Amino acid sequence: FFDRLQDDSLGSRNAEKLARAVASQWMPSYLPIVERRKTEETTEAMRQWQLIRRGRYVEFNLLYDRGVRFGLAQLEKVMVSAPPLVAWHY
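Sequence positions are assigned chain by chain, starting from 1 and proceeding in written order. Local features in this predicted model are restricted to residues of pLDDT 70 or higher, and side-chain atom pairs are both shown and tallied only at a pLDDT of 80 or more, whereas totals for entire chains, interfaces and linings draw on every residue. Only hydrogens and water are set aside when side-chain values are computed; all heavy atoms of the structure are taken into account.

Peer 1: So, the pattern of salt bridges: which residues are in play, and what are the values?
Peer 2: The working definition used for a salt bridge is a side-chain nitrogen of Lys or Arg within 4 Å of a carboxyl oxygen of Asp or Glu. For the coordinates displayed, the defined rule picks out three salt bridges. In this structure, Lys38 engages Glu35 in a salt bridge whose closest nitrogen and oxygen atoms are separated by 3.1 Å. Using a relative accessible area of 54% as the deciding quantity, one classes Lys38 as exposed. Between Glu40 and Arg37 there is a salt bridge; the shortest N-O distance is 3.4 Å. Three exposure classes are used, based on accessible area relative to the maximum for each residue type with a 1.4 Å probe and protein chains only: buried under 20%, partly exposed in between, and exposed over 50%. What makes Arg37 partly exposed here is its relative accessible area of 46%.

Peer 1: Give me the lowdown on the packing of aromatic side chains, citing residues and values where you can.
Peer 2: Aromatic ring pairs are reported here in terms of the distance separating the ring centres and the angle at which the planes meet. Here is the rule: rings of Phe, Tyr and Trp (six-membered ring for Trp) pair when centre to centre is within 6.5 Å. Planes less than 30 degrees apart are stacked, more than 60 are edge-to-face, and the remainder are tilted. Throughout the structure, instances matching the rule amount to one aromatic pair. With centroids separated by 5.8 Å and ring planes inclined at 15°, the aromatic side chains of Trp26 and Tyr30 adopt a geometry described as stacked. Separated by four residues within a single helix, Trp26 and Tyr30 lie in helix H1 (residues 12-37), roughly one turn from each other. Exposure remark for Trp26: the relative accessible area of 52% places this residue in the exposed category. Secondary structure elements are taken from DSSP: a helix is a run of H or I of four residues or more, a strand is a run of E of two residues or more, and numbering for both begins at the N terminus.

Following this line, the structure appears as C-alpha cells:
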C-alpha cells in the first residue's frame with residue numbers, strides 16, 4: 001500500500017511512476033478483453049459464482065480492512081462500497 005511507503009524506502013517518485021505507468025496501460029489492456037468477451041453467453045452457474053465471489057470480497061473487506069479492523073471506519077461506510085448483489089454459501 002502506498003500509505004506504507006516512506007520517502008527513504010522505495011521512494012515516492014518511483015511509486016508515482018509505477019502508478020502512472022499502470023494507469024496509462026489499463027484501458028489499452030482491458031478494452032480488447034471486453035471486446036472479445038462481450039458477446040459470450042453466461043449461465044446461471046456463472047452468475048452464482050460471481051455472487052459468491054462478491055460475497056467473499058465483502059467478507060475480506062470487513063475482516064482485513066485496517067480502518068474497520070481498528071475501529072477507524074464505520075461499518076455502514078464499508079457496506080456502501082459493497083456490490084449491490086452478493087451471495088454467501090457455507
